[in-house]
Amino acid sequence: MALHKAMTIAGSDTSGGAGMEADLKTFTAMGVYGMTALTVIVAQNPLNWDHEMYPIGMDVIEKQIKTIVEGIGIDAMKTGMLGSAELVQLVADTIDKYSLKNVVIDPVMVCKGIDAIMVPEAAKAIKEVLVSRADVITPNTLEAAYIAGMDKVETLDEIKEAAARIQEMGAGYVVIKSGSRNNSDEAVDVLYDGKNYVVNTEKKIPGCFNHGAGCTFSAAITAGLAKGLSVKEALAEAKEFITVALKNSFRLNQFSGATDHCKWKK
């Protein structure tokens, strides 16, 4: 049986719900061997769950990437939290240097419950140098608005317009996620390949915990690509995976809960 391998360049969520922890759990559950180049450690204050960030040195990140790509090899890769323009450029240079394929860019610019760009210089760099290198890019509606240069992305027509603008910037496939940030009882995902739109609408799952859902979704797409699926096939499998993970989500403490990456069976 072939060994399928994927790399995530992402931060560590100490609580285990998001970041590289979510990525690696997803890879494993979907039958893919996962490796990580760690960019930042995020710890939570147990008294109020405020997030504290501890960046990893650029030289260490570069050595991690080299270990994975040169020492082992990968079939697909994804990005998560990239906290500086310098790091974004390193990722872009890595993609070019090794001619990496099946590149999934999850442009992490905002956190749940926050409607402002976390690191403007990194967001600007993602827009300028990573969008064009993405085989698949998976922004939420706030991130899509920023990348597309739009005031807001809320309606289906606005989502389609943003997807078209982002695809014109060089991305292969654009998947825009509209779930927790819309007020309807439906979650809408739109896939655009430069010619056709695929709109997926599903009822929201009431009472679920969606911390780490974005990381999990993009990791599931990455896993599908690593196994040789087409983008549309990988997206369909990722939708199945995240739906099961959300339906089985659970509370961690009084502040947070997590999706369950262990329940999916293909």
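Residues numbered from 1 in each chain as written. Predicted model: local features only at pLDDT ≥ 70, side-chain atom pairs only at ≥ 80, totals over all residues. Heavy atoms only, no water.

Asker: Please give an account of unusual backbone geometry that cites residues and values.
Answerer: Despite not being glycine, W49 shows a phi value in the positive range, around 65°. The residue N102 is not glycine, and still its phi comes out positive at about 55°.

Asker: Before we move on, can you summarise the state of the cysteines with the specific residues and values?
Answerer: Taken as a whole and assessed by the stated rule, the structure comprises zero disulfides. In this model C208 remains outside any disulfide bridge; the closest cysteine sulfur is found in C215, 15 Å from its own. Accessibility expressed as a relative area gives 27% for C208, which makes it partly exposed. Note on C262: no disulfide assigned, nearest cysteine sulfur contributed by C215 at a separation of 16 Å. (Disulfide = S-S within 2.5 Å. Buried < 20%, exposed > 50% of the residue type's maximum accessible area, 1.4 Å probe, protein only.)

Asker: Can you explain the packing of aromatic side chains? Please cite residues and give values.
Answerer: Applying the stated criterion across every chain yields a total of three aromatic pairs. Taking 5.9 Å as the distance between ring centres and 10° as the angle between the ring planes, the aromatic pair formed by W49 and F255 counts as stacked. Of this pair, W49 sits in the loop between β2 (33–44) and β3 (51–55) while F255 sits in the loop between β10 (250–251) and β11 (257–258), placing them 206 residues apart in sequence. Exposure remark for F255: the relative accessible area of 35% places this residue in the partly exposed category. If you follow K127 out to its NZ or CZ, it ends over the ring of Y146, 5.5 Å from the centre. (Phe/Tyr/Trp six-rings, centres within 6.5 Å; stacked < 30°, edge-to-face > 60°. Helix = DSSP H or I, 4+ residues; strand = E, 2+ residues; numbered from the N terminus. Lys NZ or Arg CZ within 6 Å of the ring centre and 35° of its normal.)

Asker: Tell me what's going on with the pattern of salt bridges, and back it up with residues and numbers.
Answerer: Enumeration according to the criterion identifies ten salt bridges in this entry. Salt-bridge contacts for D106 lead to K177; the nearest nitrogen and oxygen are separated by 3.8 Å. Linking D106 in the loop between β5 (103–105) and α4 (120–130) with K177 in strand β7 (residues 173–178), this pair joins segments that are 71 residues apart in sequence. Comparing D106 with K177, the two get one shared label, buried. Residue D193 is joined to K232 by a salt bridge in which the shortest nitrogen-to-oxygen separation is 4.0 Å. Taken as a pair, D193 in the loop between β8 (186–192) and β9 (197–203) and K232 in helix α8 (residues 231–247) lie far apart in primary sequence, 39 residues in all. By relative accessible area, which is 43% here, K232 ends up partly exposed. (Salt bridge = Lys/Arg side-chain N within 4 Å of Asp/Glu carboxyl O.)

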